[in-house]
Number of protein chains: 2
Amino acid sequence: MQTRCKMARMASLDPVALIARKRDALPLTREEISALVEGLGTGKVADYQMSAWLMAAWLNGLSEDETVALTEAMLHSGRVLQLPTVSLPKVDKHSTGGVGDKISLCLAPLVAACGVAVPMISGRGLGHTGGTLDKLEAITGYQTRLDVRRFEKIVRQVGCSMIGQTAELAPADGRIYALRDVTATVESIPLIVASILSKKLAAGLDGLVLDVKVGRGAFMKTPAQARALAQALVRVGTRAGCRVGALLTAMDVPIGNTIGNALETREAIEVLADAGPADTRELTLALAERMQLVAGVTHSRAQARKRAQLALSDGSAMECFLKMVKAHGGDVRQVQTPRLLPATRCQVPVLANRSGWVTDCDAFALGWLAVRMGAGRLRAEDKVDHAVGIELTARPGDKVVKGQSLCLLHVRSPKAAQALLAPVGAAFVIGRSRPATTPLVLTSLGAKSSRE
Amino acid sequence: MQTRCKMARMASLDPVALIARKRDALPLTREEISALVEGLGTGKVADYQMSAWLMAAWLNGLSEDETVALTEAMLHSGRVLQLPTVSLPKVDKHSTGGVGDKISLCLAPLVAACGVAVPMISGRGLGHTGGTLDKLEAITGYQTRLDVRRFEKIVRQVGCSMIGQTAELAPADGRIYALRDVTATVESIPLIVASILSKKLAAGLDGLVLDVKVGRGAFMKTPAQARALAQALVRVGTRAGCRVGALLTAMDVPIGNTIGNALETREAIEVLADAGPADTRELTLALAERMQLVAGVTHSRAQARKRAQLALSDGSAMECFLKMVKAHGGDVRQVQTPRLLPATRCQVPVLANRSGWVTDCDAFALGWLAVRMGAGRLRAEDKVDHAVGIELTARPGDKVVKGQSLCLLHVRSPKAAQALLAPVGAAFVIGRSRPATTPLVLTSLGAKSSRE
């Protein structure tokens, strides 16, 4: 019966009519959107038809109903994991991408140590934003490609596992994203929502917490844009059957003190060792609270924070990370002794050209400079150098004297630093007075967002 | 230098940026549009990128500058004919497509007999509108595929030649039209303008007269739409270096008495024999006037009409047609004796179900019914039956009595007519009073449009 209904639906698929409806800003039904996505998989909808539809969707928008339908169609375009042997509630986190964002690495084991299963599927860096997989792979031997059985087993035994996107999960998302990337249809809230949620929900999650970045280092430059994206993610994700919460967080200056893969892994390990920069630590704890609340393992924000702080101080979060790295074939000695992580021999300081207060540090500029150093990618097929990067030694709010170092460039040779000194220096603003402090977490939305 | 400039332009081609500009309704330069069209030819712009751009153009429009640039880029995507041995001014006609529109067949030889060279490149029928090539091919042996040298020779020696579109001329139009057809981006005035003009102007014309149809049997349903298309055609064509005129003509009822290929060819021959239905004759003469004025062979409309009427009455237009058919390998006996044209043995009358005045006859309905009979095509690859069609025996303004025939269905068997009797009958409206007469030529635009 299922099959017959499906065939009846497919039989009536006329891609041109579906494109024309979106072109004319008329609503599409769930069945029509499903037929479009299925058709892309079967070849009944050609790439050039999907790209015309995507442009019409970019310009005319998608309603919430349409976005839910698109998300679910993409989600069901491949395998949907169940992880039946994992009895704990399964919660993941997704960040819309920032500079110096190594939060996933310390967050997943921390939340796992708090009694939540974290089956995390991550991506690679592209453009000025880094990717969790590249940071994990800075640990020698760490395997990000595991089959689903192994992934499930690690989640069950360790509490968390972090792998890369597989072709089995939400393949329509991969295909559609590849088209959007080359047809100027990336920056559309409904299309972004469907892409993020279909990929994430294919892991069979009970809950999802979104870290929606806002600011010049983020894809969403204004709070209004970021809030619209966060609201859409929460509403659509909830309607797709997942408990979804979201934080809006600032992305004007880099998170923490490091940009670059091994440097960021080292910083995440510092947080797991109950140390690390205050902002990295705070963002990790804020997200850990939300993940516990969404998982339902606690009903109070204060309790959730207390539990997370305990998991950092009693070493259980670190233990969880060590177990996960071991299970993924990674070199645990590099976690125990982070100076064993890939590093450059050469560190070149960038010096303050005047005395005063550091009032600003441009995450967007430093993100692109890190790409130029080899820490990131311009194209998906590029290789990254895990060792290179930028280590901040001064941050907004710090007082510096002329000639003091603002940051260290971790480079392969002194020569490689030469062309970077001026632009990296220009990313820092030194003023006469102490800058006002700005909050890191701007807003909280969705499931359990009350700030009791 | 030419080549270097071209390479410099191509080197800077970023298809995604060009799509994004149109998506954001920002203007594209002539060079950018040229790079896009050239890129489609060289593979630097993929089909899925062009279709996204076309959808953005459909929704955000193209300025007149952009439409001129697109027309010229498509026009220069292949060979542009010069026909250097043809000394007379070269003028063609293009109709936006109607039902029973056999005008080209009598118009081209008529205008040629008036001292204008008519190198006409025509299309095939698709959907409810017929195509000149199918009507020509109703003449046994008529070749619509000739190489350019032969085409030029016939135009020089006979005054006119009518062939089909070749892959050499404006190949980008063929590629772009194929994409528009399957991505719901056909009905856009600037895209229609660029398509029509690039194809026509590639024949190296001095002048072009457009017959823009308006009404329920036309693509443009309202006078406002048709006028907008006609104005855009005249303005863009003129800026592309051609003398362009346009007539807006009514397409609510079929033109003349016949729908179907051989039937229409027969009617065109009747006009060339100085007879034929009044409306077919009038539309032919109105367009012949405009073509002579655009060619500059006369400066007065009255003179142009007089000359055309003479060419019909003295047999010179018919002689021109006979020579052209002969030069194309067609059977001239079928022109001399039109009952030798392909015909069905069976003609089934559709009878009036009441007495009164025929007040209406739906061209759109009859056009589709003719397709159903086999006279036209649903898809470009379908074959047509030259003999079948509908021959009107009553037209709006005629008085009929109950049981009198409204039209004859030329079918292969009486059985084939059964399912058609009711819908064909329903296309006629019989009322109690004589309908008001409506003009055939609604408006005249462009070069030499004064009605002196």
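The rules behind the values
Residues numbered from 1 in each chain as written. Chains lettered and ligands numbered in written order. Predicted model: local features only at pLDDT ≥ 70, side-chain atom pairs only at ≥ 80, totals over all residues. Heavy atoms only, no water. Helix = DSSP H or I, 4+ residues; strand = E, 2+ residues; numbered from the N terminus. Rg over C-alpha atoms; globule rule 2.2 N^0.38 Å. Contact = heavy atoms within 4.5 Å. Areas by Shrake-Rupley, 256 points an atom, 1.4 Å probe, with all protein chains shown as cover. Lys, Arg positive; Asp, Glu negative; His and termini not counted. Charge placed at Lys NZ, Arg CZ, Asp CG, Glu CD. Buried area = accessible area lost by both parts, 1.4 Å probe. Salt bridge = Lys/Arg side-chain N within 4 Å of Asp/Glu carboxyl O. Polar contact = N/O pair within 3.5 Å; in protein donor to acceptor, adjacent residues only side chain to side chain. Nonpolar A, V, L, I, M, F, W, Y, C, P; charged D, E, K, R; others polar. Patch = residues over 30% accessible without salt bridge, like charges linked within 9 Å, V, L, I, M, F, W, Y side chains within 5 Å. Buried < 20%, exposed > 50% of the residue type's maximum accessible area, 1.4 Å probe, protein only. Expected span 1.5 Å × (residues − 1). Least-squares fit on C-alpha atoms with pLDDT ≥ 70 in both. Pairing = 2+ DSSP bridges. Axes fitted to C-alpha atoms, helices over the stretch in contact; angles between N-to-C directions. Parallel < 35°, antiparallel > 145°, perpendicular 65-115°, else oblique. Left-handed = near helix turned anticlockwise from the far one by under 90°. pLDDT = per-residue confidence, 0-100. Phe/Tyr/Trp six-rings, centres within 6.5 Å; stacked < 30°, edge-to-face > 60°.

Counting its secondary structure elements, chain A contains 18 helices and 13 strands. Against the globule reference of 22 Å for 452 residues, chain A gives a C-alpha radius of gyration of 22 Å, in line with a compact fold. Across its three principal axes, chain A shows a C-alpha extent of roughly 70 × 45 × 45 Å. Taking contacts inside chain A between residues at least 6 apart in sequence as the whole, the part at least 24 apart equals 78%. Here chain A has roughly 18,100 Å² of accessible surface; of this, 53% comes from carbon and sulfur atoms. Side chains of chain A carry 56 positive and 41 negative charges; the gap between the two charge centres is 3 Å.

Contacts between the two partners involve 21 residues from chain A and, on the opposite side, 22 residues from chain B. Taken together, both faces of the contact between chain A and chain B bury some 1,700 Å²; the carbon and sulfur share is 73%. At the surface where chain A touches chain B, the tally comes to two salt bridges. With a closest N to O distance of 3.3 Å, B:Glu187 and A:Arg23 form a salt bridge. If you look at where chain A meets chain B, you find nine residue pairs in polar contact (both at pLDDT 80 or more). Those elements that provide at least two residues to the side of chain A that touches chain B are helix H2 (15-23), helix H4 (47-60) and helix H9 (171-182) of chain A. In terms of residues, the side of chain A that touches chain B owes the most to one element, H4(A), which gives 10 residues. Taken together, the residues that form the side of chain A that touches chain B break down as 12 nonpolar, four polar and five charged.

Residues and elements named next belong to chain A. On the surface, Phe-364, Trp-368 and Leu-378 cluster together to form a nonpolar patch covering roughly 290 Å² of accessible area. The residue Phe-364 is located in helix H17 (residues 363-373) in this model. When its relative accessible area of 31% is taken as the criterion, Phe-364 is described as partly exposed.

Residues and elements named next belong to chain A. Its 13 residues give helix H14 (residues 301-313) an end-to-end C-alpha distance of 18 Å, which sits within 8% of 18 Å, the value for a rise of 1.5 Å per residue. On its buried side, H14 packs onto helix H6 (103-113), helix H12 (261-272), helix H13 (278-295) and helix H15 (316-327). Structurally, the start of H14 carries an N-cap: the backbone nitrogen of Ala-302 is 3.3 Å from a side-chain oxygen of Ser-300. Following H14 by one or two positions, Gly-315 adopts a phi angle in the positive range, close to 80 degrees.

All names here are of chain A. Along the chain, Ala-172 turns up in helix H9. Residues Ala-172 and Asp-47 lie 125 residues apart in sequence; the distance between their C-alpha atoms is 12 Å. Contact partners of Ala-172, with chain neighbours within four places excluded, come to Val-37, Met-74 and Ser-77.

Right, let's talk about the relation of the copies chain A and chain B for a bit. Screw-axis analysis of chain A against chain B gives a translation of 0.0 Å along the axis, an RMSD of 0.0 Å, and a rotation angle of 180 degrees. Such a combination of rotation and displacement between the chain copies is what one expects of a two-fold axis. When each C-alpha of chain A is compared by its distance to the rotation axis, A:Tyr48 comes out closest, at 1.9 Å. Of the interface residues in chain A, 100% have counterparts in chain B that sit at the interface too, so the contact is made through matching surfaces.

With that settled, the discussion passes to the sheet that holds strand E10 (residues 399-400) of chain A. Residues and elements named next belong to chain A. Within the open sheet, the three strands sit side by side as E10-E8-E12. Their pairing is antiparallel. Looking along the sheet, the strands with just one partner apiece sit at the ends: E10 and strand E12 (428-431). Bridge analysis of strand E8 (residues 356-361) against E12 gives four bridges, and the strand direction is antiparallel. The residue bridging Cys-361 from the neighbouring strand is Phe-428, located in E12.

The next subject is the packing of H6(A) against H15(A). Residue and element names in this part refer to chain A. Relative orientation of the contacting elements H6 and H15 amounts to 110 degrees, with a least axis distance of 8 Å. Judged by the inter-axis angle, H6 sits roughly perpendicular to H15. Two packed elements cross with a definite hand, and for H6 against H15 that hand is right-handed. Where H6 abuts H15, its residues Leu-105, Pro-109, Leu-110, Ala-112 and Ala-113 lie against Ser-316, Ala-317, Cys-320 and Phe-321. Residues belonging to the contact of H6 with H15 are distributed by class as follows: eight nonpolar, one polar and no charged.

Moving on: the pairing of strand E2 (residues 118-122) of chain A. Counting buried residues in E2(A) gives five out of five residues, a clear majority hidden from the surface. Residues of E2(A) alternate between two faces, with A:Val118, A:Met120 and A:Ser122 on one and A:Pro119 and A:Ile121 on the opposite face, all of them buried.

Here we take up the pattern of salt bridges. In the structure shown here, the tally under the stated rule is 68 salt bridges over all chains. With its nearest N and O atoms 2.7 Å apart, the salt bridge here joins A:Glu289 to A:Arg301. Pair noted here: A:Glu289 is in helix H13 and A:Arg301 is in helix H14, with a separation of 12 residues, a long-range link. The salt bridge involving B:Arg124 is made with B:Asp134; its shortest N-O contact spans 3.1 Å. Taken together, the residues span a long stretch of sequence, with B:Arg124 in the loop between strand E2 (118-122) and helix H7 (132-136) and B:Asp134 in helix H7 at a distance of 10 residues. What makes B:Arg124 partly exposed here is its relative accessible area of 37%. Each of A:Glu64, A:Asp65, A:Arg235 and A:Arg239 takes part in a single network of salt bridges with overlapping partners.

What follows concerns unusual backbone geometry. Residue and element names in this part refer to chain B. Located in the positive-phi region is Ala-170, a residue other than glycine, with phi close to 45 degrees. Turning to its location among the elements, Ala-170 is positioned in the loop between strand E3 (160-164) and helix H9 (171-182). For Ala-184, which is not glycine, the phi dihedral falls at a positive 55 degrees. Take Ala-184: it is sitting in the loop between H9 and helix H10 (189-201). A relative accessible area of 6% means that Ala-184 is categorised as buried.

Across two bridges, E8(A) lies against E10(A) in antiparallel orientation. Opposite A:Gly356, over in E10(A), you have A:Val400 as the bridge partner.

Turning our attention to the confidence of the model for chain A. Considering every residue of chain A, the mean pLDDT works out to 93; 96% of them sit at 70 or more. Interface confidence in the predicted complex, given as ipTM, is 0.86; pTM for the same model is 0.88.

The next subject is the side chain of B:Thr344. All names here are of chain B. Turning to its location among the elements, Thr-344 is positioned in the loop between helix H16 (332-336) and strand E7 (346-351). Classification of Thr-344 by relative accessible area gives buried; the value is 6%. Only 3.3 Å separates the side chain of Thr-344 from the backbone oxygen of Val-411, close enough to count as a polar contact. When residues no more than four places from it in sequence are discounted, the contact partners of Thr-344 are Ala-387, Val-388, His-410, Val-411 and Arg-412.

With that settled, the discussion passes to the packing of helix H3 (residues 30-42) of chain A against H4(A). Residues and elements named next belong to chain A. Packing of H3 against H4 brings their axes to within 10 Å, and their N-to-C directions diverge by 150 degrees. Judged by the angle between their axes, H3 and H4 are roughly antiparallel. Crossing geometry of H3 relative to H4 is assigned as left-handed. Seen from H3, the contacting residues are Leu-36, Val-37 and Leu-40; seen from H4, they are Asp-47, Met-50 and Trp-53. Among the residues forming the contact of H3 with H4, the class breakdown is five nonpolar, no polar and one charged.

What follows deals with the packing of aromatic side chains. Residues and elements named next belong to chain A. Per the counting criterion, the structure on display carries two aromatic pairs over all chains. For the ring pair Phe-364 and Trp-368, a centre distance of 6.4 Å and an interplane angle of 80 degrees mean the geometry is edge-to-face. Linking Phe-364 with Trp-368, this pair stays in helix H17, spanning four residues, or about one helical turn.

Residues and elements named next belong to chain A. Strand order in the open sheet formed by four strands is E1-E4-E5-E13, with mixed pairing between adjacent strands. Each end of this open sheet is capped by a strand with a single partner; those strands are strand E1 (91-95) and strand E13 (441-446). Each strand of the sheet is rotated relative to its neighbour by a mean of 15 degrees, with strand direction disregarded. The pairing of E1 with strand E4 (residues 207-214) spans five bridges and is classified as parallel. From the neighbouring strand, Lys-93 faces E4, where its bridge partner is Val-209.

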